[in-house]
Amino acid sequence: MSWLFGYKSQVPQMPPGGGDGGPPEEPTAGSAGEVAGDKTLTKAERKAMEAYRFDSSALERAAEAARTLERSKHSREALELSKLQEQTRQQEYMAKVKEYEAHIEGSKVEQKRVDHEERRKTLVEETKQQQQRAQYQDQLARKRYEEQLSQQQRVQEENLRKQEESVAKQEAMRRKTIEHEMELREKNKMKLLEAELRAKAKVDRENRDLTLEQIRLKAEENRITVMEGIKTAGSVLGQGATALLSDWNKVATTVGGLSLLALGVYSAKGATGVTARFVEARIGKPSLVNETSRFSLLDALRHPIDTLKRFKAKPTDALQGVVLQPKLEERLRDIAIATKNTKHNKGLYRNILMHGPPGTGKTMFAKKLATHSGMDYAIMTGGDVGPMGRDAVTAIHKVFDWANTSRRGLLLFIDEADAFLRKRSSERISEDMRSALNAFLYRTGEQNPRFMLVLASNTPEQFDYAINDRLDEMVEFTLPGLDERERLIRLYFDKFVLQPAAEGKKRFKVEQWDYSAVCSKMAQMCEGMSGREISKLGVSWQAACYASESGVLTEKMVLDRCEAAARQHRQKMAWLSEQEKLDHKSITGGKGFLES
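All of the points below concern the structure found in this document. (Residues numbered from 1 in each chain as written. Predicted model: local features only at pLDDT ≥ 70, side-chain atom pairs only at ≥ 80, totals over all residues. Heavy atoms only, no water.)

Right, let's talk about the packing of aromatic side chains for a bit. Under the definition given, this model contains 9 aromatic pairs. Aromatic side chains Tyr-492 and Phe-496 sit 5.9 Å apart centroid to centroid with 35° between the ring planes, which places their arrangement in the tilted category. Of this pair, Tyr-492 and Phe-496 both sit in helix α15 (residues 482-503), separated by 4 residues, roughly a single helical turn. Summarising the aromatic geometry, the rings of Phe-493 and Tyr-515 are spaced 5.5 Å apart at their centres and angled 50° between planes, so their arrangement reads as tilted. One end of the pair, Phe-493, is in helix α15; the other, Tyr-515, is in helix α16 (residues 515-525), and 22 residues separate them in sequence. The pair formed by Phe-493 and Tyr-515 is uniform in burial state, with each residue classed as buried. Following the ring pairs from residue to residue traces out a cluster consisting of Phe-400, Phe-420, Phe-440 and Phe-451. (Phe/Tyr/Trp six-rings, centres within 6.5 Å; stacked < 30°, edge-to-face > 60°. Helix = DSSP H or I, 4+ residues; strand = E, 2+ residues; numbered from the N terminus. Buried < 20%, exposed > 50% of the residue type's maximum accessible area, 1.4 Å probe, protein only.)

Rendered as C-alpha cells:
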C-alpha cells in the first residue's frame, strides 16, 4: 500500500507542462518568493523548513488511487492483502522487539556473570593476600620462636658449662684431698712399721740366749722321743712276727684277710668307675666343656665361698655394661626377655647364631644372657673337636647327655663353631669330622626345653646348610662406631686409670688435663679397632704409668700409647691376606655394638 499513501515509492516525474505534454506551468509569485527566500537561508534552516513542508500531490495521488481501487473488482482482496501485510509487519516488529528484549536480558545476565567473575577474582585475590599475610606472620612467629629456643639453648649451654667447671673443680679438690689422705696414711703406716720392726729387733736381741736354750731343749727331747719310738716299734714287730710264725691258725687267718682285702680293692675300683661315670653325667663336666657355671661338687669343695655367692646371686640385666647401638640393643633385649620367659614357662628354646669379627663381645653377651635368664652356661670351642679323632662322636654325645640333665636349663655356647661344622659338600673334611658333624646334627634335630644352643663364628658362610637350618635367630656383632668407641674409651679410662688413682695405689697418679677432650680425640684415632683392642689400650695406660720414673700418667703418655695401638692395628690389617679379608669382611664393617 505504499503506492497508495505515497511513501517509499518512486513517483514518476511529470514532464513540464503536465502529463499530457502541455506547456510547463509558470511558477507563481508565491513559489518564486519562496525560492528567492530559500536562497537567503542557511543550510540548517532550509532543512528545518523542508521538514514542515506538505506535498499535497501525494494526497491527490492517494485519493485518485483509492477511487480507482473502489471501482476495481479486486478492491476487497487488495484490502485484505494490505491488512495481512500490515499484520505481518506488526508481527515482524513484535519479533524484533522481543529479540531486542531478549538481547537486553542476555546483556543483563552477561553483566551479572561478569560482575560475579570480578567478585570471585576479588575474593581469590583477597584470600591470597590473607594467606600471604598469614604465612608472613607465621614466619615471623617461627623466627621469634627459633630465637627464643636458641637463646634458651645458649643459656642452658652456659649453665651446663658452669656446672661442668664446678664439677671439675670439685673433682680436682676431691682427688687432691684423697691423694693427701693417702700420702698421710702411707707415712703413718711406714712409721708404724718402722716402730714395730725396731721393737721386735730389740726384743729379739734381749731374748737371744733364752731362745737358743729353748731350741736346744726341744731338739734333745725330740731325739729321745724318736729313739724310744724306734725301740718300741722294733720290739712290737719282732714279738708279733714270732707269735704269727709259731701259730698256723694265725697264718691262715692273715692270708684270708689279705685275700678279702684284695677282693674289696678290686670291687671298690669297679664301683668307683661306675660312680665316676654317673657323677660325670650328673655333676661332673665333660672334657669338651672348657668353662661352665653349673654346680660341681669338686668346685664347691675347692671354692665354697664362690659357690654360696652363686646361690645368693640375683639375675642381672643382660645388657649391663654393654655399649651398642639402639637398634641392636632393642633386638638383644628382646632376645634376653624371650629367653627368660621361655625358661619360666618351660617352653622350647631358640637357637642363636652370633657372627662378626673377633673381640666384639659375643662370648660375654652369651654369659650375661644365661645369667639374666637364670640358666647355667657352658662354653666349648669348635677347635677342640678335631684333635679328638674317633673319640669326638662320643665326646659330643656326652656333652648333650650332660646338658639334658640340667634342672635350671643350660645355654651351650660353642665358640669358633665353624671349625667342625663346615660344609660337607664343598669342604674336604675327614671322616672323623664328618661323623662328629652328623652326631651334632642328630642331637640338635629338634628344639629342646632343656638346653639352648648359641653358636659364634667369624666366618658364618662356611657353615653346612643343615646347621643353618637349625638356627632360629642370627645377630651380627660389628665393630664399634665413633660414638661407641668414645663411650668405650671413657669407660676403660675410668676403670683402668681414674679408679686406681682414686684408690691410692702405689706409683699410680694422674696429671690434671681435660679428660673429656682427650677421650674424644682418642676415639677418632682408634678407628677400626675392636672392643678387646680398646680394653688392652686401657691396660697399656697402666703399664705406661708403672714404667715411668715418677709414677704419674700424663696426657702425652696416654696419646702416645693410643697412637701406638692404632699403628699396630693398621699393621695387623696389612698382614691379612686377600682370602682372610674375604673371610673376615665384617672386620671393615660399620657401626655395631660391643660388650665392655
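This next bit is on a nonpolar patch on the surface. A cluster of nonpolar side chains, contributed by Val-226, Met-227 and Ile-230, occupies part of the molecular surface with about 270 Å² of accessible area. Considering the arrangement of structural elements, one finds Met-227 in helix α6 (residues 208-246). (Patch = residues over 30% accessible without salt bridge, like charges linked within 9 Å, V, L, I, M, F, W, Y side chains within 5 Å. Areas by Shrake-Rupley, 256 points an atom, 1.4 Å probe, with all protein chains shown as cover. Salt bridge = Lys/Arg side-chain N within 4 Å of Asp/Glu carboxyl O.)

Ranked by internal contacts, the top residues of the largest apolar core, which has 31 residues, are Ile-414, Leu-421, Phe-440 and Leu-455. Going through the elements one at a time, β4 (376-381), α12 (391-404), β5 (410-415), α13 (431-443), β6 (451-457) and α14 (465-469) are the ones with two or more residues in this core. Per-element accounting of this core gives the leading share, 7 residues, to α12. One finds Val-497, Cys-519, Met-529 and Val-558 within the second-largest nonpolar core, a separate group that totals 30 residues. (Core = buried A, V, L, I, M, F, W, Y, C linked by side-chain atoms within 4.5 Å.)

Strand order in this open sheet of 6 strands is β1-β4-β5-β6-β3-β7, and the pairing throughout is mixed. Two strands lie at the open edges of the sheet, namely β1 (289-292) and β7 (473-476), each paired on one side alone. Mean inter-strand twist for the sheet, computed between neighbouring axes without regard to direction, equals 20°. Two elements, β4 and β5, share 6 bridges in a ladder whose sense is parallel. Looking at β5, one finds that Ala-378 is bridged to Leu-412. Packed onto the sheet, α12 meets β1, β4, β5 and β6 and runs at close to 155° relative to β5. (Pairing = 2+ DSSP bridges. Axes fitted to C-alpha atoms, helices over the stretch in contact; angles between N-to-C directions. Contact = heavy atoms within 4.5 Å.)

Below, the discussion takes up empty space enclosed by the protein. In this structure the tally under the stated criterion is 3 cavities of 30 Å³ or more. Its volume calculated, the largest cavity comes out at about 80 Å³. Looking at the largest cavity, the residues that line it are Arg-175, Ile-178, Glu-179, Leu-498, Ala-501, Ala-502, Val-510, Gln-512 and Tyr-515. Of all elements in the fold, only α5 (75-206) and α15 reach the threshold of two or more residues within the lining of the largest cavity. Estimates place the volume of the second largest cavity at around 50 Å³. Lining of the second largest cavity is provided by Tyr-349, Asn-351, Arg-443, Thr-444, Glu-446, Gln-447, Asn-448, Phe-451 and Leu-453. In the lining of the second largest cavity, the residues fall into 3 nonpolar, 4 polar and 2 charged. (1 Å grid on protein atoms, 1.4 Å probe; cavity = no way out; pocket = protein on both sides within 12 Å on 5 of 7 lines; lining within 4 Å. Points joined across faces, edges and corners; volume = space filled by probe spheres on them. Nonpolar A, V, L, I, M, F, W, Y, C, P; charged D, E, K, R; others polar.)

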